[in-house]
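Structural features, examined
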Amino acid sequence: MQITLLQAVIIGLWTAFCYSGMLWGIFTNRALVLSFGVGIVCGDLKTALQCGAIAELAFMGFGVGAGGTVPPNPIGPGIIGTLMAITMDGVTPESALSLSIPFAVAIQFLQTAIYTVSANNALKKQDFAKFRLHSNLTILLFALVGFLLGFLGAYSMDTLSKLVALVPAWLLKGLTVAGGMLPAIGFAMIMSVMLKKEVVPFALLGYFLAAYLGVPVIGIAIVGTVFALKHYNDAGNVAVAQAATEEVEHDDWI
């Protein structure tokens, strides 16, 4: 598939909106959101959503910065990876995720540079008015950089496809396998932080439903919602009972 100039411009505008939207707190700079726009523009929404979903699972773990760490940027798999999967023969959503990770890391370094340029010079001069101005203009820089990333990424797909064509078939297959493992690794990383011993039975129940009963993800989510609502209601009833007990004890003391 060939990306036209108009499609490249629209993808650039979509990337600019999503990238700058993260500063507004609307969470548009997500792989699934980015890939959705690419799928609409390129006319292959199914492949785009597959790329976005796989990337979201992977970024669930290593896409979250802990402490001072800097995670890869979702524009890598959301824009570049999705374009690869749609336009290049033999590139699956899994292998596209692996191929896009270097772009995701490089874009994150670029984002750090934007933050530095926007504020560092003003702080050195203790010009707080200029610092405030630069902070507010950062959203415009994000929009400009996002447009350039989306436009150049889409418009250079022909060149990139020639480079990917040089990759041996066995290596591309290996990248597909590695890309399929990344979501599991990302999910395992986030589970290692969130999973507590109280909820281990529910996690095992989810695996049992998926692996042995073949229940789809939506069905497992509904089962989880039922348990979550029951836990919420039970916790509310316990709090009400404790409050009533404390009130009775206080009356007896008086």
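Above this text sits the structure in question.
Now for a look at the structure at hand. (Residues numbered from 1 in each chain as written. Predicted model: local features only at pLDDT ≥ 70, side-chain atom pairs only at ≥ 80, totals over all residues. Heavy atoms only, no water.)

Quick notes on the layout of surface pockets
- In this model, the largest pocket occupies a volume close to 990 Å³.
- Sort the elements by how many residues they give to the lining of the largest pocket and helix H10 (residues 217-253) lands first, with 9 residues.
- Here the residues of the lining of the largest pocket sort into 21 nonpolar, 3 polar and 1 charged.
- Of the volumes computed, that of the second largest pocket is approximately 220 Å³.
- Considering the residues around the second largest pocket, the lining is formed by 11 residues, among which Met22, Phe27, Asn29, Arg30 and Pro74 are closest to the centre.
- By residue class, the composition of the lining of the second largest pocket is 5 nonpolar, 5 polar and 1 charged. (1 Å grid on protein atoms, 1.4 Å probe; cavity = no way out; pocket = protein on both sides within 12 Å on 5 of 7 lines; lining within 4 Å. Points joined across faces, edges and corners; volume = space filled by probe spheres on them. Helix = DSSP H or I, 4+ residues; strand = E, 2+ residues; numbered from the N terminus. Nonpolar A, V, L, I, M, F, W, Y, C, P; charged D, E, K, R; others polar.)

Comments concerning unusual backbone geometry
- Although it is not a glycine, Phe27 adopts a positive phi angle of roughly 55°.
- Mapped onto the fold, Phe27 is located in the loop between helix H1 (5-21) and helix H2 (31-42).
- Phe27 sits in the exposed class, given a relative accessible area of 65%. (Buried < 20%, exposed > 50% of the residue type's maximum accessible area, 1.4 Å probe, protein only.)

Structural notes on the pattern of salt bridges
- According to the stated counting rule, one finds 2 salt bridges in the structure shown.
- Residue Arg30 pairs with Glu56 through a salt bridge whose shortest N-O separation is 2.6 Å. In this pair, Arg30 is assigned in the loop between H1 and H2 and Glu56 in helix H3 (residues 45-62), connecting sequence segments 26 residues apart.
- Here Arg30 falls in the partly exposed class, since its relative accessible area comes to 29%.
- Given the relative accessible area of 17%, Glu56 is considered buried.
- With a shortest N-O distance of 2.9 Å, Asp234 and Lys230 are connected by a salt bridge. On the criterion of helical spacing, the pair formed by Asp234 and Lys230 is a turn pair, its members being 4 residues apart in helix H10. (Salt bridge = Lys/Arg side-chain N within 4 Å of Asp/Glu carboxyl O.)

Quick notes on the packing of aromatic side chains
- Summed over all chains, the structure comprises 6 aromatic pairs.
- Here Trp14 and Phe17 contribute two aromatic rings whose centre-to-centre distance is 5.8 Å and whose plane-to-plane angle is 40°, an arrangement assigned as tilted. With Trp14 and Phe17 both in helix H1 and 3 residues apart, this pair spans about one turn of that helix.
- When the ring of Phe147 is compared with that of Phe151, the centres are 5.8 Å apart and the planes differ by 10°; the resulting orientation is stacked. One end of the pair, Phe147, and the other, Phe151, are both in helix H6 (residues 128-155), 4 residues apart, so they sit about a helical turn from each other.
- In this structure Phe147 comes out as partly exposed when scored by relative accessible area, which is 24%. (Phe/Tyr/Trp six-rings, centres within 6.5 Å; stacked < 30°, edge-to-face > 60°.)

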